Amino acid sequence: MFLLLVIAVTARVASPQTETLLSAYDTPSDLLRAVLGAAVCCFVAVQIFRYSRDPADMRKWVPIGIAAVPLALLCAVVIW
């Protein structure tokens, strides 16, 4: 859930500010932001489906993820 919220917030922040995605080629900063945002979203999406073989690793990250979900949800609401 936390990583899905990170993807949503990253996609929203990386989208062009006043233009559509097709007109982002006019301003290099918007194009760079969109490309970097897409790269970060792809990286986080890969991390969702990557399986850790170490059970201790999972036990460590599950409570951290559960605690971070409300903060990520708050950030998503504020950004939108």
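All values derive from a computational prediction rather than experimental measurement.

About the criteria used
- Residues numbered from 1 in each chain as written.
- Predicted model: local features only at pLDDT ≥ 70, side-chain atom pairs only at ≥ 80, totals over all residues.
- Heavy atoms only, no water.
- Axes fitted to C-alpha atoms, helices over the stretch in contact; angles between N-to-C directions.
- Helix = DSSP H or I, 4+ residues; strand = E, 2+ residues; numbered from the N terminus.
- Parallel < 35°, antiparallel > 145°, perpendicular 65-115°, else oblique.
- Contact = heavy atoms within 4.5 Å.
- Nonpolar A, V, L, I, M, F, W, Y, C, P; charged D, E, K, R; others polar.
- Expected span 1.5 Å × (residues − 1).
- Buried < 20%, exposed > 50% of the residue type's maximum accessible area, 1.4 Å probe, protein only.

Sorry if this is basic, but what is going on with the packing of helix α1 (residues 2-14) against helix α2 (residues 28-49) here?
In a packed pair of helices, the relevant descriptors are the angle between the two axes and the axis-to-axis distance. Remark: α1 packs on α2, axes separated minimally by 9 Å, with the N-to-C direction vectors making an angle of 170 degrees. On the basis of their axis angle, the class for α1 and α2 is roughly antiparallel. The segment α1 lies against α2, with Leu-3, Leu-4, Val-6, Ile-7, Thr-10, Ala-11, Val-13 and Ala-14 engaging Arg-33, Ala-34, Gly-37, Val-40, Cys-41, Val-44, Ala-45, Gln-47 and Ile-48. Residue classes in the contact of α1 with α2 are distributed as 13 nonpolar, 3 polar and 1 charged.

Can you walk me through α1 in this structure?
Helix length check: α1 (13 residues) gives 18 Å between terminal C-alpha atoms against 18 Å at 1.5 Å per residue, within 8%. For α1, the full list of buried residues reads Leu-5, Ile-7, Val-9, Thr-10 and Ala-14. Summarising the contacts, the buried residues of α1 are in contact with α2 and α3 (55-79).

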